[in-house]
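Given next are the chains, with one letter for each unit.
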Amino acid sequence: MKKLFTLVIGFLLLTACVTAPSAPQTQPPPDSVSPTESQPTLSPAPATSDTTLYISATLHIESKFDSWPADTESFLNFLQQTTDAGIRWSIGGDIGWLENADDAQEIVQRSAAMGAQWDNHAHSPNDLGKIASILSSWGVTPTGVVSGFLIQDFDGLQSSYAYQGNSWSPSVIWGGVVCPGHKEGCDDLSVSLYRPTSSSQFEVHDPSGKLIKLGGGSHQLADAEALAAHIAQGQHPYPVIGYTIMVEPETLRISTSATDDVNVILAFVERMNAYPFVRWATIAETAQAWADAGEVAFQIND
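In this report, the structure presented in the accompanying data block is examined. Quick caveat, the model's predicted, so the values are computed rather than measured. (Residues numbered from 1 in each chain as written. Predicted model: local features only at pLDDT ≥ 70, side-chain atom pairs only at ≥ 80, totals over all residues. Heavy atoms only, no water.)

Moving on to the side chain of aspartate 119. Relative to the assigned elements, aspartate 119 resides in strand S3 (residues 117-121). Despite being buried, aspartate 119 has no salt bridge partner; arginine 88 is the closest side chain of opposite charge, sitting 10.0 Å away. At 2.6 Å, the side chain of aspartate 119 and the side chain of threonine 143 are in polar contact. Apart from residues lying up to four places away in sequence, aspartate 119 is in contact with Ser90, Ile91, Gly92, Leu135, Thr143, Val145 and Ile283. (Helix = DSSP H or I, 4+ residues; strand = E, 2+ residues; numbered from the N terminus. Buried < 20%, exposed > 50% of the residue type's maximum accessible area, 1.4 Å probe, protein only. Lys, Arg positive; Asp, Glu negative; His and termini not counted. Salt bridge = Lys/Arg side-chain N within 4 Å of Asp/Glu carboxyl O. Polar contact = N/O pair within 3.5 Å; in protein donor to acceptor, adjacent residues only side chain to side chain. Contact = heavy atoms within 4.5 Å.)

On to the packing of helix H2 (residues 72-84) against helix H7 (residues 262-272). Two elements in contact, H2 and H7, have axes whose closest approach is 10 Å; the angle formed by their N-to-C orientations is 15°. In terms of orientation, H2 and H7 fall into the roughly parallel class. Considering only the axes of H2 and H7, their crossing is right-handed. For the pair H2 and H7, the contacting residues are Phe78, Gln81 and Thr82 in the first and Val262, Ile265 and Leu266 in the second. Of the residues assigned to the contact of H2 with H7, the class counts are 4 nonpolar, 2 polar and no charged. (Axes fitted to C-alpha atoms, helices over the stretch in contact; angles between N-to-C directions. Parallel < 35°, antiparallel > 145°, perpendicular 65-115°, else oblique. Left-handed = near helix turned anticlockwise from the far one by under 90°. Nonpolar A, V, L, I, M, F, W, Y, C, P; charged D, E, K, R; others polar.)

Right, let's get into the pairing of strand S8 (residues 191-194). Every second residue of S8 is oriented toward a common face, with Val191 and Leu193 on one face and Ser192 and Tyr194 on the other, all of them buried. Here S8 runs beside strand S9 (residues 212-216); their pairing, made up of 4 bridges, is antiparallel. Across the sheet, tyrosine 194 pairs through a bridge with lysine 213, a residue of S9. As paired strands, S8 and strand S13 (residues 298-300) are joined by 3 bridges and run antiparallel to one another. Bridge pairing in S13 places leucine 193 opposite phenylalanine 298. (Pairing = 2+ DSSP bridges.)

With phi around 75°, histidine 219 is a residue other than glycine that occupies positive phi space. Mapping histidine 219 onto the fold places it in the loop between S9 and helix H6 (221-232). Not every positive phi belongs to a glycine, and histidine 236 is a case in point at roughly 55°. Looking at the element boundaries, histidine 236 is found in the loop between H6 and strand S10 (240-248).

So, on to the packing of aromatic side chains. Aromatic rings considered in pairs are described by the distance between their centres and by the relative angle of their planes. On inspection of all chains with the given rule, the structure shows 10 aromatic pairs. Relative to tryptophan 168, the ring of tyrosine 161 has its centre 6.2 Å away and its plane inclined at 40°; by these criteria the two rings are tilted. On the basis of relative accessibility, which here comes to 7%, the residue tyrosine 161 falls in the buried class. Classification of tryptophan 168 as buried rests on a relative accessible area of 4%. (Phe/Tyr/Trp six-rings, centres within 6.5 Å; stacked < 30°, edge-to-face > 60°.)

What follows deals with the environment of threonine 282. Note that threonine 282 resides in the loop between strand S12 (278-280) and helix H8 (283-292). Judged by relative accessible area, which is 0%, threonine 282 ranks as buried. Here the alpha-carbon distance between threonine 282 and isoleucine 55, two residues 227 residues apart in the chain, equals 7.6 Å. The residues touching threonine 282, leaving out its near neighbours within four places in the chain, are Ser56, Arg88, Trp89, Ser90 and Gln117.

On to the nonpolar core, then. Grouped together as the largest cluster of nonpolar side chains are 78 residues, with contacts concentrated most on Leu53, Trp89, Trp97 and Trp118. Residues within four places of leucine 53 in sequence aside, it is in contact with Leu227, Ala228, Ile231, Ile241, Tyr243, Met272, Phe277, Val278 and Arg279. (Core = buried A, V, L, I, M, F, W, Y, C linked by side-chain atoms within 4.5 Å.)

On to the environment of glutamate 106, then. Considering the arrangement of structural elements, one finds glutamate 106 in helix H4 (residues 104-114). With relative accessibility at 35%, the residue glutamate 106 sits in the partly exposed group. When near neighbours in sequence (up to four residues on either side) are disregarded, glutamate 106 contacts Thr72 and Glu73.

Relative to the 18 Å expected for 13 residues at 1.5 Å per residue, H2 spans 18 Å between its end C-alpha atoms, a close match to the ideal helical length. By the burial criterion, the buried members of H2 are Thr72, Phe75, Leu76, Phe78, Leu79 and Thr82. The buried residues of H2 occupy an angular sector of 150° when the element is viewed end-on, so they sit on one face. Looking at the buried positions of H2, the neighbouring elements they touch are strand S1 (52-61), strand S2 (89-93), H4, S10 and H7. Sitting at the head of H2, aspartate 71 places a side-chain oxygen 3.3 Å from the backbone nitrogen of glutamate 73. (Expected span 1.5 Å × (residues − 1). Arc of directions from axis to C-beta.)

Below is the structure:
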């Protein structure tokens, strides 16, 4: 009997050893990914909340008649609709349009009442004082932004311009071109914020420079969205980045596009608003935000 009891106890112990759960096993670490594999390698960057992308919008009404708004009410309705969606407009009117278009004063005053800002758009520095004087005489204070600017004229820019008792001073350069006519290779299409050194060293940042240069990129919607996606991934870790979309006043479509009309632009606004770091601002407001954030200079040329 004692022998039988011993055999039963032994059998039970053997069964328990077989059926009891085993201790958890530590999984070996996965093999490291080689640099040639598809996982992306990102540069070290702060959280996306530390980078703010300011998007501005601009229209340039040139002196040539075929660039003028085709219809006053349609033009102003477009501005109102996009402004209601959140876009902040920076508009430039060349001297020929300001002096000769029958609806120039109405467009300037009514758009300003919507919140649009008027920059000093001149292809000759000699017109800067007169343009500022015209805008001021219509009750609209021009910003300190210069657009339509030839880089070769940078060294000759004065600290202030006077015309018929009115004084105006530049503080920001938007874009810049190396040759007139918007021909291939003429326009600065970089996304950048810095203080240029001189005409010959225009892309060199001078911390003591008097003028801020904002490069608004290619002005296309797709490139703005690509930039936002890169920022969300941790690329371009600068406190303030600016980008400008550009609309042709005669077509009310994105510059060089045959399809990007008001409906496409409004859909773009909705998509961009999904990014928590996107803000809508004028060109002047973007430059001020950059200065307030410590003036971290950068140039993005891709």
